[in-house]
Amino acid sequence: MASQNETNRTNCYLAASAELVEGREGFQWRVSECPLCGLEHWHGAAGLTEDPRTYLSHRVAHCIKRPSAEIVAALEILNCDSSGYILVDEDPRRTDAMWTGPETEDAEVAR
Ligand SMILES: [Zn+2]
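Residues numbered from 1 in each chain as written. Predicted model: local features only at pLDDT ≥ 70, side-chain atom pairs only at ≥ 80, totals over all residues.

## Regarding the nonpolar core
Soluble globular proteins: nonpolar side chains tend toward being buried together. Stated precisely, the cut-off is as follows: We define a nonpolar core as a collection of buried residues of the types Ala, Val, Leu, Ile, Met, Phe, Trp, Tyr and Cys that are connected via C-beta atoms lying within 7 Å of each other. Partly exposed residues are those whose C-beta has more than 12 but fewer than 20 other C-beta atoms within 10 Å; with 20 or more the residue is buried, with 12 or fewer it is exposed, and the C-beta atoms are placed from the backbone. Secondary structure follows DSSP: runs of H or I at least 4 residues long count as helices, runs of E at least 2 residues long count as strands, and numbering of each begins at the N terminus. Note that contacts rest on C-beta atoms placed from the backbone: two residues are in contact if these are within 7 Å.
Membership of the largest hydrophobic core comes to 15 residues, with the highest contact counts inside it found for Ala16, Trp29 and Tyr85. Sorting elements by how many residues they give to this core places strand E1 (residues 14-22) first, with four residues. In this view, Ala16 contacts Val31, Cys34, Pro35, Tyr85, Ile86, Leu87 and Val88; residues no more than four positions away in its chain are not counted.

Below, the structure is given as structure tokens:
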């Protein structure tokens, strides 16, 4: 049976502040400063017809360098996992303005 600590471990991840970026093919979430390695990472969010906020969840970190000794020590104390983080929208009002819902054919006709 898993100990209490092992059970908690899978539920503890750092938060990564992410900014929504709209591209030609779809949305992406940009983490400008990874909480683990400090570098910038990009995560696919959705096509332009899907709410990108549904992709705000646990994501595998794209770190190419290891976390610092200080971060590793903090993760140990918090009993947190270093394999990923939880994406958190850094500016929900801005996201609301960018994502106005899927465009339907009816909306096209109405213009
Ligand atoms: Zn990283």
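After presenting the structure, the write-up continues.
## Description of the pairing of E1
Let me state the cut-off plainly: Pairing between two strands requires that DSSP report at least two bridges joining them.
Pairing geometry for E1 and strand E5 (residues 84-89), over five bridges, is parallel. Bridging across to E5, Ala16 finds its partner in Leu87. As consecutive antiparallel partners, E1 and strand E2 (residues 27-31) are separated by four residues.

## Thoughts on the confidence of the model for the protein chain
For clarity, the cut-off: pLDDT is defined as a per-residue confidence score from the predictor, taking values between 0 and 100.
Considering every residue of the protein chain, the mean pLDDT works out to 85; 82% of them sit at 70 or more. Residue range residues 5-9 is modelled with pLDDT below 50. Its contacts to residues more than four positions away, or to other chains, number five contacts.

## Looking at helix H2 (residues 69-78)
Burial within H2 is sparse, with just zero of its 10 residues counted as buried. Asn79 lies just past H2 and shows a positive phi near 60°.

## Thoughts on the environment of Pro67
Tracing the backbone shows Pro67 in the loop between strand E4 (58-60) and H2. Classification of Pro67 as partly exposed rests on a count of 19 C-beta atoms within 10 Å. Taking the C-alpha atoms as reference points, Pro67 and Cys34, separated by 33 residues in sequence, lie 9.6 Å from one another.

## Here we look at the sheet that holds E1
The strands making up a sheet are joined through hydrogen bonds of the backbone, oriented either antiparallel or parallel. Rule in force here: For helices, the axis comes from a line fit to the C-alpha atoms of the stretch in contact; other axes are also lines fit to C-alpha atoms, and the angle between any two N-to-C directions lies between 0 and 180 degrees.
The strand order E3-E2-E1-E5-E4 describes an open sheet built from five strands, whose pairing is mixed. Single-partner strands in this sheet number two, and they are strand E3 (41-46) and E4. Here the strands of the sheet are splayed against their neighbours by 45° on average, with no regard to which way each runs. Relative to E3, E2 runs antiparallel, the two being bridged by five bridges. Each bridged residue has a counterpart across the sheet, and for Gln28 the counterpart in E3 is Gly44.

## So, the pairing of E5
Taken residue by residue, a regular strand's side chains alternate between the two faces of the sheet. Note that E4 and E5 share three bridges and pair antiparallel. Each bridged residue has a counterpart across the sheet, and for Arg59 the counterpart in E5 is Tyr85.

## Comments concerning the environment of Cys37
Inspection of the secondary structure assignment puts Cys37 in the loop between E2 and E3. Assessed through the 18 C-beta atoms surrounding it within 10 Å, Cys37 is described here as partly exposed. Along the sequence, Cys37 and His62 sit 25 residues apart, while their C-alpha atoms lie 9.3 Å from each other. Discounting chain neighbours no more than four positions away, the residues touching Cys37 are Cys63, Lys65 and Pro67.

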